[in-house]
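Single-letter residue listing:
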Amino acid sequence: MIRPLVIFLAVTKNWIRSRSGLFFSIMFPVLLLLVFGAIFSGGGGGSASTLFVQNLDRNPDGTTTQLSSAFLEALNSTKTFAIKDVPADVDPKVWARDNLGPLGGNIRIVIISEGFQDDVLNGTLKVRVGISYSLLNTTYQYFAPYLNETEKMAYEQGLAQMQMYNETLPDARTSLTLAFDASDQSAAIIKNIVINVANAFNYHLIGATSVIEFNEESVTSNRYGAVDYYLPGIIAAFIMTNGIIALTSNTTEFKRRGIIKRLSITPLTKFDWIIGNVLSQTLLSLMLTAIMILVGWIVFNVQAIPDALTIIMIFLGSVMFSGFGMVLGGLVKDVEAASALGNAIAFPMMFLSGTYFPMEFMPSYLQSVARVLPLTYLSGGLRYALIYKYAEGVFTNMAVVSALAVAFIILGSVLTRWKEK
Amino acid sequence: MVNFIVEVNSLVKQYGSLRAVDNISFELYEGEVFAFLGPNGAGKTTTVEILECLRSLTSGSAKVFGYDVTKGEDVKEIKKRIGVLPQDFSALDKLSVKENIDLIGGMYQKKLDTMEVIRLLDLEDKAKERFENLSGGLKQRVGVAAALVNDPQLIFLDEPTTGLDPKARREVWQVIENLKKLDKTVFLTTHYMEEAQLLADRIAVINKGKIAAIGSPQDLISQYGGLKTLIIRKGGKKLADTLQQKYGSTTLNHNDDVLMKADSVNEMWRALSTLTNLSLDKEIEIQTPTIEDVFLKIVGGRITEEGELK
């Protein structure tokens, strides 16, 4: 058992002393976590989305009407938007494009049409009369058996007059126009916010309140932030890249320089070599995990608490991707080809395995692809182990990772050439 | 009774249509330095790697310390007892000299103290230096140190000085001389004639997978090297004609030097006496044949610095 340990120590020392190795294995994932965390954690005073508003509803003196201004205030109160007024006499799309600012961005324009206030008031009055008529009619139907004919006639006359009056009111509806680019990925969210504000405005005008109260609750005992999602994913992704790219490149480099050949002349066996490398990768993965969690705690206050299941998951993930790396290292001869092949496999896997965004965001055919990728199960298992503490979820993913680890190690052992032809 | 460390009989290694090693047989005696001398592609490394249990053989047999290189359990025994400096030796760049030797030493149950090996190779000053910072000659010395760490009885040195500058080459030669003093058996492969002649007790000239000649440098020279040459610098045509008439085998080169091939020591003495009688005030040199002459005679070509046959 001493030989794998000797290999483990030598390979690990060689890696730790390599600045580029250290950067790509540890520093780069940390930087990525910081960048992702900063972008998606939601805190830190990020700027609101720019919303261009062209208010065409004006008083005769050119000032905006009271109701259209109130609607804009309601939009502003959401603190989601930085509202920019578009002059009434310009093409809003052209003006918005010219005034987007040096960094560009997405153009979103709300156009409040002319007559907004009048239409809203008329529409509101019609709705209110309609509601009153409906209420009185229902009351009449309920009490009619107890009324005499004279009372009935008077009531019915009143109701008829009310209905006639309502019909004389203009069937006014006003419209808001929201213009956005088809490629704008946040457009759907912005549209919902504008619709919600408009609905709230409607309720307020007709004096109604929502009877459905909306309560928010977490399905877990803790509330998780975006970084809690990314952290296990990034750890898993870099366990993969360390196995697939770094180990494959190292193996082919050692092979090219005759280091593996030199070792194979000694009593060292192929399995000793593989075990030593797997141990080294496991240590690297544990170090990466510890540093990432520490950064997550300090900078983003993440919930991650490593436990025995996390360590087992990391060990199995390291074995799985070391095996994968050995398979690739056995298939290719030169370092450049190994690096290219490693990248060609690692990068699509990184983006398709729910590492950086939930798989639900992807079309169903890509979700099917994700289900056969090893990283999906390491990412998922680590997320359950490290964040959600959901043992059943860990075990399901762990079973898949274990099976793949065994398969890759066996295949890697077969493909690792220990004797020349 | 002579102890054979290596016994090779009718060894063949075939790669598709290419016969890299073609029915060769030879032995290595205990304590000798045996050199495989030949150009690139002659089959030197292939043969050595078969003996190191790194390559399979196609036919024939090869035994090291009496163990068969094709049998699993025998291979384990062979690997314990041999030390190897492979062609283009390399090690882990970020590890120090000592750590790299420790790495190889860690593969053996029985091994020498690393510092003892480092002292033996005169590498004490460089023990903590990273491998990547060493010169070519020092790297080869680390390779030899790694080959010695398990205290092997047989050491394979595959092209140990290829690519080294003359100074580094001489350093490695000194190391090999020291191995001789330690009574190690050394199997050396090289394409440098001077190296083989200087270091080897016996040389096998190998070309196109076949052993063309085998023996001690002296035996090979006396068998294939041809005659000793008496050179009279700037002797001129008249002297050349005189010697030609008396002894034959005399030529004049483009520098006006007279070159006379002497059949025997007696003939050499007689020619010298003739020159003394002529009271010539010329520079005289006696040139003995070398392994290069042997190689030229046997193979019909010379080996370039890069190891190619021309």
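Small disclaimer: the values here were computed from a predicted structure and weren't measured.

### Describing the overall build of chain B
The helix and strand inventory of chain B stands at 11 helices and 14 strands. In terms of overall dimensions, chain B has C-alpha extents of about 70 × 45 × 40 Å along its principal axes. Sorting the 310 residues of chain B into buried and exposed places 43% on the buried side. At a minimum sequence separation of 6, the contacts of chain B that also span at least 24 residues come to 67%.

### Notes on the overall build of chain A
Helices and strands together make up the secondary structure of chain A, namely 15 helices and four strands. In terms of C-alpha radius of gyration, chain A reaches 33 Å, well past the compact-globule figure of 22 Å for 421 residues. For chain A, the spread of C-alpha atoms along the three principal axes comes to 115 × 60 × 40 Å. A burial count over chain A gives 34% of its 421 residues as buried. If you take every contact in chain A between residues at least 6 apart in sequence, the share linking residues at least 24 apart comes to 81%.

### Observations concerning the domain arrangement of chain A
Partitioning chain A into domains gives domain 1 (2-41 + 225-415), domain 2 (49-115 + 174-205) and domain 3 (120-168). The gap between the C-alpha centroids of domain 1 of chain A and domain 3 of chain A is 73 Å.

### Overview of the nonpolar core
In this structure, M240(A), M320(A), A35(B), V142(B), A145(B) and L188(B) are the most contacted members of the largest nonpolar core, which totals 145 residues. Take this core: its biggest share by element is 16 residues, from helix α8 (residues 226-256) of chain A. In contact with M240(A), other than residues within four places in its own chain, are F321(A), A346(A), M349(A) and L375(A). If you look at the next biggest cluster of nonpolar residues, it comprises 13 residues, including F52(A), L67(A), F81(A) and F116(A).

### Things to note about the interface of chain A and chain B
In this complex, chain A contributes 20 residues to the contact, which on the side of chain B involves 22 residues. Elements supplying a minimum of two residues to the side of chain A that touches chain B: α1 (2-16) and α9 (259-264) of chain A. Residues belonging to the side of chain A that touches chain B are distributed by class as follows: seven nonpolar, five polar and eight charged.

### Structural notes on the sheet that holds strand β1 (residues 4-15) of chain B
Residue and element names in this part refer to chain B. Pairing is antiparallel across the open sheet formed by four strands, whose spatial order is β2-β1-β4-β5. In the strand order of this sheet, the two ends are held by β2 (18-29) and β5 (67-68), each with one partner. Relative to strand β4 (residues 59-64), β1 is paired through five bridges, and the arrangement is antiparallel. Counterpart to E7 in the pairing with β4 is K63. The strands touched by helix α1 (residues 44-51) within the sheet are β1, β2 and β4, with β1 carrying the most contacts at an inclination of about 120°.

### What about unusual backbone geometry?
All names here are of chain B. At C53, a position not held by glycine, the phi torsion is positive, near 65°. On the secondary structure map, C53 appears in the loop between α1 and β4. The backbone of D122 shows a phi angle near 60°, a positive value even though the residue is not glycine. With respect to the helices and strands, the residue D122 is situated in the loop between α4 (114-120) and α5 (136-148). On the basis of neighbour count, D122 is assigned to the partly exposed category, with 15 C-beta atoms found within 10 Å.

### Considerations on the domain arrangement of chain B
In many analyses, interface size is given as the accessible surface area lost on bringing the parts together. Segmentation of chain B into domains returns domain 1 (4-215) and domain 2 (227-288). On a C-alpha basis, the centroid separation for the pair domain 1 of chain B and domain 2 of chain B is 44 Å.

### Remarks on the environment of E306(B)
With respect to the helices, strands and loops of the structure, E306(B) is situated in the segment after α11 (291-299). For the pair E306(B) and G236(B), spaced 70 residues apart in sequence, the C-alpha separation works out to 37 Å.

### Notes on the packing of helix α8 (residues 217-224) of chain B against α11(B)
Residues and elements named next belong to chain B. Running from N to C, α8 and α11 point in directions that differ by 55°, and their axes come no closer than 9 Å. In terms of orientation, α8 lies oblique with respect to α11. You can see that α8 and α11 cross each other, and the crossing is left-handed. Every residue of α11 that contacts α8 at P217, L220, I221 and Y224 is listed here: I291, V294, K297 and I298. For the contact of α8 with α11, the per-class residue count stands at seven nonpolar, no polar and one charged.

### Description of the confidence of the model for chain B
Detailed reading of predicted coordinates is not advised where the pLDDT is low. Of the residues in chain B, 99% have a pLDDT of 70 or more, and the chain-wide mean is 92. Complex prediction metrics read pTM 0.75 and ipTM 0.85.

What counts as what
Residues numbered from 1 in each chain as written. Chains lettered and ligands numbered in written order. Predicted model: local features only at pLDDT ≥ 70, side-chain atom pairs only at ≥ 80, totals over all residues. Helix = DSSP H or I, 4+ residues; strand = E, 2+ residues; numbered from the N terminus. Buried ≥ 20, exposed ≤ 12 C-beta atoms within 10 Å, placed from the backbone. Contact = placed C-beta atoms within 7 Å. Rg over C-alpha atoms; globule rule 2.2 N^0.38 Å. Domains from an automatic or database assignment. Core = buried A, V, L, I, M, F, W, Y, C linked by C-beta atoms within 7 Å. Nonpolar A, V, L, I, M, F, W, Y, C, P; charged D, E, K, R; others polar. Pairing = 2+ DSSP bridges. Axes fitted to C-alpha atoms, helices over the stretch in contact; angles between N-to-C directions. Parallel < 35°, antiparallel > 145°, perpendicular 65-115°, else oblique. Left-handed = near helix turned anticlockwise from the far one by under 90°. pLDDT = per-residue confidence, 0-100.

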